[in-house]
There are 2 protein chains.
Amino acid sequence: MCVPVNPLRVISDLKELRALTGDTKGAQRLAWSAVWLEAREWFQGKLKGLPAEHHYDAAGSSWTTLRGESERALLLGSHLDSVPNGGWLDGCLGVLAGLEVLRSAAEDFHGSPPVTIRLVDWADEEGARFGRSLFGSSAFAGSHTIEADRGRTDRDGVRLEDALRSCEIDVERIGDAGAERKNAAAYLELHIEQGPVLEARGLPLGVVLGTKGVERHAITFHGQEAHSGSTPMAVRRDALAAAAKLALEIRPIARKHSDAVATMGSVKTFPGIVTAVVGRCETTLDMRDLDAGVLAEMLAEARAASERFAKEEGCSVEWSRIWSIEPIPFDSRLIGFCEEAVRETAGVAHRLPSGPLHDAAEVARAGIPTVMMFTQSLGGLSHNKAEDTKVEDLTLAVEAFERLARKTMRWVGDGVAS
Amino acid sequence: MCVPVNPLRVISDLKELRALTGDTKGAQRLAWSAVWLEAREWFQGKLKGLPAEHHYDAAGSSWTTLRGESERALLLGSHLDSVPNGGWLDGCLGVLAGLEVLRSAAEDFHGSPPVTIRLVDWADEEGARFGRSLFGSSAFAGSHTIEADRGRTDRDGVRLEDALRSCEIDVERIGDAGAERKNAAAYLELHIEQGPVLEARGLPLGVVLGTKGVERHAITFHGQEAHSGSTPMAVRRDALAAAAKLALEIRPIARKHSDAVATMGSVKTFPGIVTAVVGRCETTLDMRDLDAGVLAEMLAEARAASERFAKEEGCSVEWSRIWSIEPIPFDSRLIGFCEEAVRETAGVAHRLPSGPLHDAAEVARAGIPTVMMFTQSLGGLSHNKAEDTKVEDLTLAVEAFERLARKTMRWVGDGVAS
């Protein structure tokens, strides 16, 4: 009965989109831009002949619905938007693999599958223009409060609110996107890994356990600016020295836990001139783990270390939380389906957490059973034009994702999903 | 026979100058500015009634000459220019103490001392506006080549060449300032320490051994930019980690030597965002010591350490010399006179090198016997309005400087100085 998906059609669609919306520097589907709108128009063209309905929700996410015998819906999704100079797979692989699953179901079930299947292209997953990622999915989940974001501006000074209006989105109404949650029974997302784990293990596919919690902090050390020539080593209060100790210490703190990461991504020195001991050093810290307890422990250790180093160097230290999110574990039953689908397709399944956030995290937070599948990223690269995945892995990914969708449809159809 | 100097007159002059050329943020005698020219005009007013001649040399340094029985000349000097928001003593203490010595000699010897005494206010010691310090003294010494500097611009885009022209200095002729070296037999400079050494020892005055050599380098570590969420700790090539190790390692390298200093004053991270492992880290290193061998050893150790750390972190490292100057030891005979003068005035003399450069270094490089005397800086502070020295220390400084000048005049007069 099952009509097999056609992975080569997905790859062909991806290449067509790349040709239409990329340039020599990479993908240019920045959300709320003309190129992004063009990509969405192209996508709508792909729906011709499918017995599906299409609409945009109040936050600009694109919904394609194939009505089934039951109103209970399986959601498939990802995002067509990209960072500037982005890759050809990040986000759009999931949307176009989802489209292929939809096509196959429409054909297989003669237009009416047992459950409703809905394909979503979330608006502005990347947040690359206004610094607010997961825009559409958080509106859907009801976790988005626009007040904090409406005044955000892009590098040209255009306000988020105005960019939305030009795409016919009314900023006051984006919360209405929550209506799309009705009848949603499960959510599946295929994505490239964007990291080196699967490649290092020689695996095409991975089962994603959830998205790691993130603790993101600004840490500033205050010492004493002093003349580099006249100030003896023994009397210095060097803010950089305290920061350097922390930059090194966060590594053993993270390495105690198998999947944890800790990153000092930015260091700024003041006055920051060759002839002065650093009086103030501003740093950032980003820590992630799938276990909330581990994450809290890492944060406490880093804070204690920073205070110890500040004291050793005659400095003071100040912490300020930039942003944080709790770990979001995916649904254990769907993780099981994903593992089966990956094993049936590729022979072996590996479970891993996702370090990057994804729209799936917002959907899971809304209480909808969710899982993601990863496919290998060559060199672990993403967010640039070198991003790539082997054709054979893309093929396996589409096939495995189809298997996962069928297993989940059965589960949703049986009414087991709540 | 000796007419004692009047230190209170020096302090009174310093306060008058502060009132005329400072504001609530500090001294504003930026070289080649209207306020600086006003300070110089005020200084010329102070010469009224003195049997001295005055002229500006081809590089804009101000020369006040009290002709003596011999043409062989004792030079006294420092600088009236300041950094923006500078202190009330840096530079002008030496000029006004020199003026007091000149006054005292004119009175004592009825206008004609045994040797000629020349007081110089060097043009643009600070280099605060165009980044070219020791301007007047290096023109005097013949070590200044204008070609490298004529195109320098200030923050408003004004070219050095044009700023000089507005002060009636012809950039093509500044080398003519070398003519002032004629008959110069010795050079003395009184300056605030601008560091914490004398204060820590409870001493008002210090004997300066010379200016430290400086090695100033840009050091860049190249690693691999990577996503902070998806890149496991074990596979990172973190350029910041290598730089942090070096920031800490330069300290034991310097501490092996009693007066050596090593400073990482600037760290820049690229891409420098909270969500990315640092792919490139640009740092600066400034190392100083009075012993050329020690300085070379420190530099070699730092370089070897940077290469070791780069290797440990899977990075590469690149060095580029920004600037360097050899150590400039002062004249041993004059150091002896300075030590006598300080001991006779304050009871105890301490020898120390100068970390900051001074015009005296350029004069010494020109082969003229040179020494400097330091007086204590409260809190080691300089280059800001908090710069200060106790009145009793300023008083001792002027008295000791007068003693040093008299000893040196006798030496010059005896024809011992070559």
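Conventions adopted
Residues numbered from 1 in each chain as written. Chains lettered and ligands numbered in written order. Predicted model: local features only at pLDDT ≥ 70, side-chain atom pairs only at ≥ 80, totals over all residues. Heavy atoms only, no water. Helix = DSSP H or I, 4+ residues; strand = E, 2+ residues; numbered from the N terminus. Expected span 1.5 Å × (residues − 1). Buried < 20%, exposed > 50% of the residue type's maximum accessible area, 1.4 Å probe, protein only. Arc of directions from axis to C-beta. Domains from an automatic or database assignment. Contact = heavy atoms within 4.5 Å. Buried area = accessible area lost by both parts, 1.4 Å probe. Salt bridge = Lys/Arg side-chain N within 4 Å of Asp/Glu carboxyl O. Polar contact = N/O pair within 3.5 Å; in protein donor to acceptor, adjacent residues only side chain to side chain. Phe/Tyr/Trp six-rings, centres within 6.5 Å; stacked < 30°, edge-to-face > 60°. Pairing = 2+ DSSP bridges. Least-squares fit on C-alpha atoms with pLDDT ≥ 70 in both.

We now examine helix α8 (residues 292-312) of chain B. Residues and elements named next belong to chain B. Taking 1.5 Å as the rise per residue, α8 with 21 residues should run 30 Å; its terminal C-alpha atoms sit 30 Å apart, in good agreement. Along α8, the residues classified as buried are Val-294, Leu-295, Met-298, Leu-299, Ala-302, Ala-305, Ser-306, Phe-309 and Ala-310. One face of α8 carries all of its buried residues, which in axial projection span an arc of 135°. Phi turns positive one or two residues past the end of α8, at Gly-314, with a value near 65°.

Residues and elements named next belong to chain A. Taken domain by domain, chain A holds domain 1 (7-212 + 329-413) and domain 2 (217-325). A separation of 37 Å is found between the C-alpha centroids of domain 1 and domain 2. With nine residues of domain 1 in contact, the opposing surface of domain 2 contributes seven residues. A combined buried area of about 730 Å² lies between domain 1 and domain 2, and 70% of that area is made up of carbon and sulfur atoms. Counting the surface domain 1 buries against domain 2, the share from its top three residues, Lys-212, Pro-353 and Leu-357, is 67%. At the junction of domain 1 and domain 2, the tally comes to zero salt bridges. At the junction of domain 1 and domain 2, the tally comes to two residue pairs in polar contact (both at pLDDT 80 or more). Ranked by the residues each element gives to the side of domain 1 that touches domain 2, the list is headed by strand β8 (residues 205-211), at three residues.

Moving on: the packing of aromatic side chains. Enumeration according to the criterion identifies 14 aromatic pairs over all chains in this entry. With centroids separated by 5.1 Å and ring planes inclined at 65°, the aromatic side chains of B:Trp122 and B:Phe140 adopt a geometry described as edge-to-face. Linking B:Trp122 in the loop between β6 (115-121) and α4 (135-141) with B:Phe140 in helix α4, this pair joins segments that are 18 residues apart in sequence. Each member of the pair, B:Trp122 as well as B:Phe140, carries the same accessibility label: buried. One aromatic cluster is present, formed by A:Trp63, A:Trp122, A:Phe140 and A:Tyr187 through successive ring pairs.

Residue and element names in this part refer to chain A. Most of strand β7 (residues 184-192) sits out of view: nine of its nine residues are buried. Pairing of strand β5 (residues 70-78) with β7, which is carried by four bridges, proceeds in the parallel orientation. Among the inter-strand pairings, Ala-73 is bridged to a residue of β7, identified as Ala-184. As paired strands, β7 and strand β18 (residues 370-375) are joined by six bridges and run parallel to one another. Paired with Ile-192 across the two strands is Thr-375, which belongs to β18.

The next point concerns the relation of the copies chain B and chain A. In screw terms, the move from chain B to chain A is a rotation of 180° and a rise of 0.0 Å along the axis, fitting with an RMSD of 0.1 Å. When the rotation and shift are considered jointly, the pair of chain copies conforms to a two-fold rotation axis. Looking at the rotation axis and the C-alpha trace of chain B, the residue lying nearest is B:Ala244, at 2.3 Å.

All names here are of chain A. Here the residue pair Phe-270 and Pro-271 is connected by a cis peptide bond, since its omega of 5° sits within 30 degrees of zero. With respect to the helices and strands, the residue Pro-271 is situated in the loop between β12 (267-270) and β13 (276-277). In this structure, His-383 is a non-glycine residue whose phi angle is positive, near 60°. Note that His-383 resides in the loop between β18 and α11 (391-413).

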